[in-house]
Each structure stands twice: as C-alpha cells, then as structure tokens.
Amino acid sequence: MMNFRYHLVSLIAVFVALSIGVILGSGPLQSRISGALADKNAASSVADAQALAQAQALASAEAAGLDAIASNKLDGTLSGMKVTTIGLPGATAEDITTVSDRLSAAGAEVIGHVSLTDNFDNAGMSQYRETLSSPLSSHMSNLPSSASGEAIISFGIVAVLTTTGSETDLVKEILTDDSTPIMSIATDPAGATEAIVVVGPRASATVLAQNSADSSQSGVVERAPQAWLGLAQAVTSVPKSAVIVADASTDSSMGQVLRTQGAQVTSIDSPGTTLSAISAVISLKDASATARAYGVQNGATAVIPELP
C-alpha cells in the first residue's frame, strides 16, 4: 500500500507542474506564441491589402476604359433632353453627381434634383402615406384607376416635376410639408422635366414588411416594397422616359423587387458604378413603360444596353 509520503510527493509534483505552466503561459511562452500569431496575421493582412489594392486598380482601369468607349459613343445622344434626378433614401450625393455628369456629357440638360426622405418608403409610415394620398388625388388629374395609395404619392412627385399651376403648387406644399416631408427639392425644375433618373443607395440595408420582427431587433428600417412599385409606375408617365438605378443584390432590395414583381420600368443595378451610370444614359433615350433589366445582379437580362 502506498504511504502518506508518496501521496504528498505526488501532490507537490502536480502543483509544481501547474505553476510552471502558468509562469510560462503568462511569460516567455506567451510572448513566443503571440509573436508567432502576430507575424502570421501581419503577413496575412499585408497579402490581403495587396490583393485589395490590385483589385481596386484593375476596377479603376476597367472603369476608365468603359468610360472612354462610352464617351465617344454617347456624345450628343441625349441632346436637349431635360432631365431631373431623384435621390432615394440612402443614395449618396457622389453617386447622383456621377449620373448627372454622365447625362450632361451626353448632351442632356439636368434641370432639377429632388431627394425623397425616409418617409417615402418607411413601412412604419405606410398608414400616413395612405391617408395623405386622398387629399393629393383631389389636386391631380389623369391618375390611372389602378393607382394604389403608394402610387398616388409617387404620381404626385412626378406631377411636381413635370407640371405647373395652382393645383401642382398645392401638391408640392403637401409633399414638402416641414412637419412630415416626403421629398425635398434641391433644384426645382419648374415643371419642365421631360425625363427622370432615379438613383438608389449602393446597398439595400432594407427589410421587407413581412420581416418586421427581425427588423425591429436588428435596428434596420423596415421598408415598404409597394412604395417602390408605385414609384416605378409613376415615373414612366413622364413625357419622354425614365429609368431606376437600384441595388438588386438581395431578394429584399429595391431592384430585385421591381424585377420579380414585373414592374414595367427599366431597372439598372449596381448603383455607384461606372457601368450603372453609363447604362442609365444609354437607356434613357428610349426607356418606356417596358420591363428591362440591366446590370450584373439578380434578374438582369443583359449587362449593358446596346450602344447606339
């Protein structure tokens, strides 16, 4: 039988081993392990940074080449066309300016710009928009019988951009009311708009109405796809043409919703890219109330419209 001394020696040996492990782990061994991991992570970070820089350089070169080809082909193709741009919630001023510059280079006159506020497609404001559509419709003529409350809001926006008169002034006052504005006017086209280009955000951080529980937990604003569909219906009523540049990377993104729902409008995906800006210019020449889908994301039927 093992005696007490043997048990005591065994316990001491265990505690000594634990102590050595703790000392090494918090001291020189930890430094060596951390150093090795740091070296590995640093090397990986450098490689990732180099790969990203190369990809960005290649993308810039391809964009410049596409821009040069398009500039020669598109010069004067939109000569004299009076265009207004509409910025959706989340769209950047840079992306809207890029599209405006391309339009101007093709000969178009960019005479107006308006921005739609979060009240335009926030699902939490759906009832407000439905209520607002009634007084709006009383000041508008030629509304299609199929226009929903959401569509009436968008037809009101288009009326402000394409018509003048006392009734239009009332519609403008309602839509830009300081307390709960639907839109803000940066440059007023004074009713002279002939064509419209809608520009959306680069990525659709949106959640459709049926996912309201998830959206409230994530903090993402819940969006109303019916507002998008109403806008698609309304913008094609302009005198000449209209296109919508919107993200189509996910099922809940605006561009993809328009495409899957069969909206009769020209949709161009990948906002913020040279490709989308050029496609908007090419498409605008003959964009009617017909479903066309250009780009590289979900539902696109061609990368770019046929060059003139």
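Everything in this summary refers to the structure shown in the same document. (Residues numbered from 1 in each chain as written. Predicted model: local features only at pLDDT ≥ 70, side-chain atom pairs only at ≥ 80, totals over all residues. Heavy atoms only, no water.)

## Things to note about the sheet that holds strand 6 (residues 266–268)
For step 1, the next point in the chain: The seven strands are arranged 3-2-1-4-5-6-7 in an open sheet whose pairing can be described as mixed. Strands with a single pairing partner mark the edges of an open sheet, and in this sheet they are strand 3 (183–187) and strand 7 (292–294). Geometrically, the sheet is characterised by an average inter-axis angle of 20° between neighbouring strands, direction not taken into account.
For step 2, the next point in the chain: Here five bridges tie strand 4 (residues 195–199) to strand 5 (residues 241–245), and the two strands are oriented parallel to one another. What sits directly across from Val 197, in strand 5, is Val 243.
For step 3, the next point in the chain: Sitting on the sheet, helix 10 (residues 274–284) touches strand 1 (82–87), strand 4, strand 5, strand 6 and strand 7, and the angle it makes with strand 5 is about 160°. (Pairing = 2+ DSSP bridges. Helix = DSSP H or I, 4+ residues; strand = E, 2+ residues; numbered from the N terminus. Axes fitted to C-alpha atoms, helices over the stretch in contact; angles between N-to-C directions. Contact = heavy atoms within 4.5 Å.)

## Regarding the side chain of Arg 259
For step 1, the next point in the chain: Along the chain, Arg 259 falls in helix 9 (residues 254–260).
For step 2, the next point in the chain: Within the structure, Arg 259 has its side chain in polar contact with the side chain of Asp 269 (distance 3.1 Å).
For step 3, the next point in the chain: Side-chain polar atoms of Arg 259 contact the backbone oxygen of Asn 298, separated by 2.7 Å.
For step 4, the next point in the chain: Other than its neighbours up to four places away in sequence, Arg 259 contacts Ala 248, Ser 267, Ile 268, Asp 269, Ala 293, Tyr 294, Gln 297, Asn 298, Gly 299 and Ala 300. (Polar contact = N/O pair within 3.5 Å; in protein donor to acceptor, adjacent residues only side chain to side chain.)

## Quick look at the pairing of strand 4
For step 1, the next point in the chain: Of all five residues that make up strand 4, five are buried, and the element is covered over most of its length.
For step 2, the next point in the chain: What you see with strand 4 is no split at all: Ala 195, Val 197 and Val 199 on one side and Ile 196 and Val 198 on the other are buried throughout.
For step 3, the next point in the chain: Where strand 1 lies against strand 4, five bridges are found, and the strand directions are parallel. Considered in strand 4, the bridge of Ile 86 is made with Val 198. (Buried < 20%, exposed > 50% of the residue type's maximum accessible area, 1.4 Å probe, protein only.)

## Focus: the side chain of Ser 283
For step 1, the next point in the chain: With respect to the element layout, Ser 283 can be found in helix 10.
For step 2, the next point in the chain: A relative accessible area of 1% means that Ser 283 is categorised as buried.
For step 3, the next point in the chain: There is a polar contact of 2.8 Å between the side chain of Ser 283 and the backbone oxygen of Ser 279.
For step 4, the next point in the chain: Those residues in contact with Ser 283, other than ones at most four positions away along the chain, are Val 243, Thr 266, Ile 268, Arg 292, Tyr 294 and Pro 305.

## Some remarks on the packing of helix 3 (residues 93–105) against helix 10
Axis angle and axis distance: for two packed helices, these are the angle between their axes and the distance between the axes, and together they describe the pair.
For step 1, the next point in the chain: Contact geometry of helix 3 with helix 10 gives a least axis separation of 9 Å together with a crossing angle of 45°. By the criterion of interaxial angle, the relationship of helix 3 to helix 10 is oblique. Viewed along their axes, helix 3 and helix 10 form a crossing whose handedness is right-handed. The segment helix 3 lies against helix 10, with Thr 98, Val 99, Arg 102 and Leu 103 engaging Thr 274, Ala 277, Ile 278, Val 281 and Leu 284.
For step 2, the next point in the chain: Of the residues in the contact of helix 3 with helix 10, the class split is six nonpolar, two polar and one charged. (Parallel < 35°, antiparallel > 145°, perpendicular 65-115°, else oblique. Left-handed = near helix turned anticlockwise from the far one by under 90°. Nonpolar A, V, L, I, M, F, W, Y, C, P; charged D, E, K, R; others polar.)

## Examining helix 8 (residues 225–235)
For an α-helix, the turn length of 3.6 residues means that residues three or four places apart are oriented alike.
For step 1, the next point in the chain: Burial analysis of helix 8 places nine of its eleven residues in the buried class, which makes it a mostly covered element.
For step 2, the next point in the chain: Buried within helix 8 we find Pro 225, Ala 227, Trp 228, Leu 229, Gly 230, Leu 231, Ala 232, Ala 234 and Val 235.
For step 3, the next point in the chain: In this fold, the buried residues of helix 8 make contact with strand 2 (109–116), helix 5 (149–162), strand 4, strand 5 and helix 9.

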